[in-house]
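Here is how the chains run, residue by residue.
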Amino acid sequence: MRKSTLLMAGISFALAGCATMYSAVELDKMAKEAVEKSFAAKGIAKKERINQDAINLACTNAELTKTPLSGEATRKLEAAEYQAIKYPADGKFLGDWKAGEKLAQDGRGSTYSDSASVPNGGNCYNCHQISKEEISHGTLGPSLYNFGKLRGNSEAVVKYTWGKIYNAKAFNACTNMPRFGHQGILTENQMKDLMALLLDPASPVNK
Amino acid sequence: MLRKPIQRVVLGLAVGLSSGLPAMAQTDAEKAIDRYRELVADGNPAELWEAKGEDLWKKKRGPKNASLEKCDLGLGPGVVKGAYVSLPRYFDDVKKVQDLETRLVSCMDQHQGIKAKVANYDRDDHKDVISLVAWIASESRGMPVNVPQSHPEEKRMYEVGKRVFFYRAGPYDFACATCHAADNTRIRLQGLPNLTNNEPAGKAFTSWPAYRVSNSQLWPMQKRLEDCFRQQRFPYVEFGSDVTIALSSYMGVTGKGVKSLAPTIKR
């Protein structure tokens, strides 16, 4: 009797010392279960959207635990994303900057209140400064004003820029930027128009 | 219940704004909204919901012909003042952590015999829940956030909420943290609170329920979270689901001590 009382006291003392009764691994599992249970398919947003691929899982854990990915892990994840980049089949990278500007302004698409038949917007101004004329721009991403003017349009710059739009995580594993090509958010032609907005010397971005 | 005649004018303005918004440049809209905020600083249209909510709390309704005045929101039967700032919390009668909205659904069942239909925002019995939330929140205005962490389930929900906050997924790879884990950032011109920090978390936590100028609706926290996930391009987060309660717990615990603002006025 006395022994078990002591044991109980010991257990409750140990419990009081930690945040919860559960280990981090158990809590991770419970969070995953909560996500599985809490979401339902609606409109175009299928339930499978809650599934994480390797890079989202790794970045979630890195941010949650405030432990940056190791250099080795980062290289592996980025290389896998990089290898999946698809470049334009016709070798033409630059479309129409005017269409690109319109697309950059458009923040719609892919929510369960959107229709599958309406093309997604580029969401660019949500996070970036781009042309100087548009002052209603977000600040989550860096300014892209003078993007082409500062970098030129050598083959290397063009290829890099395409890759960045297609899959920014190929260059920065845990960037907040969506993978517009990799995830099928934008079409090849839409990405060409955004390329022109950034790189065409006639684009207001480079004035 | 309208305290000031100006409210009729501003309600009219709100209707005008909501229909004019899509066509207006964002900057003009922001200016108009700032002006609107000034005008209504003295009388939030949320008062209309508050008045209805107080009435609903006290009125005998449902198969049991009872009021909600014996409902335990966590501080004892019938105690309303301070309840909003100390939820979500664990309730032994249902053996789980509940926020204000889900607690009210339990109370309507237990005390009034009402099997509330609340799955859809502002439909069926959810209209009543919105009004009750508005009034109950208003009774905690100015009180410091004090979401409890004494029960193991409360701690567990906080930990789950923290993990959900950083959970990246969907076609855009977004987590709550994508927009709400850094200081001084914006989407377009909309400032984004860093919900990992005490003061912005507490302010955001107590900003809902809020009257939304852009659509003239009153949004409680459950609806706010549903729309966050919609914009995150996630599937539909269900009313009262674990994810919503866990995120509220995370925000509330992070925002401890911040004085409650709700109900507020929002874009």
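S.K.: Residue-level account of the overall build of chain B, with values.
M.R.: The secondary structure content of chain B amounts to 10 helices and 8 strands. Taking all contacts inside chain B whose residues are at least 6 apart in sequence as the whole, residues at least 24 apart take part in 70%.

S.K.: Go over the environment of A168 of chain A, please, and point to the residues and values.
M.R.: Structurally, A168 of chain A can be placed in the loop between α8 (155–166) and α9 (188–199). The contacts of A168 of chain A, once residues within four sequence positions are left out, are T175, M177 and R179 of chain A.

S.K.: Any chance you could break down the domain arrangement of chain B for me, citing the residues and the numbers?
M.R.: All names here are of chain B. For chain B, the assigned domains read domain 1 (6–40), domain 2 (46–138) and domain 3 (152–266). Domain 2 and domain 3 are separated by 21 Å when their C-alpha centres are compared. Listed per partner, the contact involves 23 residues of domain 2 and 20 residues of domain 3. Mapped onto the side of domain 2 that touches domain 3, the elements with two or more residues apiece are α3 (46–58), β1 (89–91), β2 (96–98), α4 (100–112) and α5 (126–138). The greatest single-element share of the side of domain 2 that touches domain 3, amounting to 5 residues, is contributed by α5. Residues that form the side of domain 2 that touches domain 3 fall into these classes: 14 nonpolar, 3 polar and 6 charged.

S.K.: Outline the interface of chain B and chain A, supporting the account with residue identities and numerical values.
M.R.: Taken together, the contact pairs 39 residues of chain B with 46 residues of chain A. Residue assignment for the side of chain B that touches chain A shows that the elements contributing at least two residues are α2 (26–40), α6 (152–165), α7 (176–180), β3 (185–187), α9 (221–231), β7 (236–237) and α10 (242–254) of chain B. At 8 residues, the largest contribution of residues to the side of chain B that touches chain A is made by α6 of chain B. Of the residues contributing to the side of chain B that touches chain A, the split by class is 19 nonpolar, 7 polar and 13 charged. Direction of pairing for strand β1 (residues 39–40) of chain A relative to β7 of chain B: antiparallel, over a ladder of 2 bridges. Bridge pairing links A40 of chain A to Y236 of chain B in β7 of chain B.

S.K.: Quick rundown of the sheet that holds strand β8 (residues 264–266) of chain B? Include the residues and the values.
M.R.: All names here are of chain B. With respect to topology, 3 strands assemble into an open sheet ordered β6-β5-β8, the strand pairing being mixed. If you trace the sheet from one side to the other, it starts and ends with β6 (217–219) and β8, each paired once. Mean inter-strand twist for the sheet, computed between neighbouring axes without regard to direction, equals 30°. Sheet topology places strand β5 (residues 210–212) next to β6; 3 bridges connect them, and they run antiparallel. Among the inter-strand pairings, Y211 is bridged to a residue of β6, identified as L218.

S.K.: Could you give me a rundown of the environment of K86 of chain A, with the residues and numbers involved?
M.R.: Residues and elements named next belong to chain A. Position of K86 relative to the elements: it lies in the loop between α4 (71–83) and α5 (97–105). Residue class for K86 comes out exposed when judged on the 12 C-beta atoms lying within 10 Å of it. Between the alpha carbons of K86 and A168 there is a distance of 13 Å; along the sequence they are 82 residues apart. Other than its neighbours up to four places away in sequence, K86 contacts Y166 and G181.

Procedures and definitions
Residues numbered from 1 in each chain as written. Chains lettered and ligands numbered in written order. Predicted model: local features only at pLDDT ≥ 70, side-chain atom pairs only at ≥ 80, totals over all residues. Helix = DSSP H or I, 4+ residues; strand = E, 2+ residues; numbered from the N terminus. Contact = placed C-beta atoms within 7 Å. Domains from an automatic or database assignment. Nonpolar A, V, L, I, M, F, W, Y, C, P; charged D, E, K, R; others polar. Pairing = 2+ DSSP bridges. Axes fitted to C-alpha atoms, helices over the stretch in contact; angles between N-to-C directions. Buried ≥ 20, exposed ≤ 12 C-beta atoms within 10 Å, placed from the backbone.

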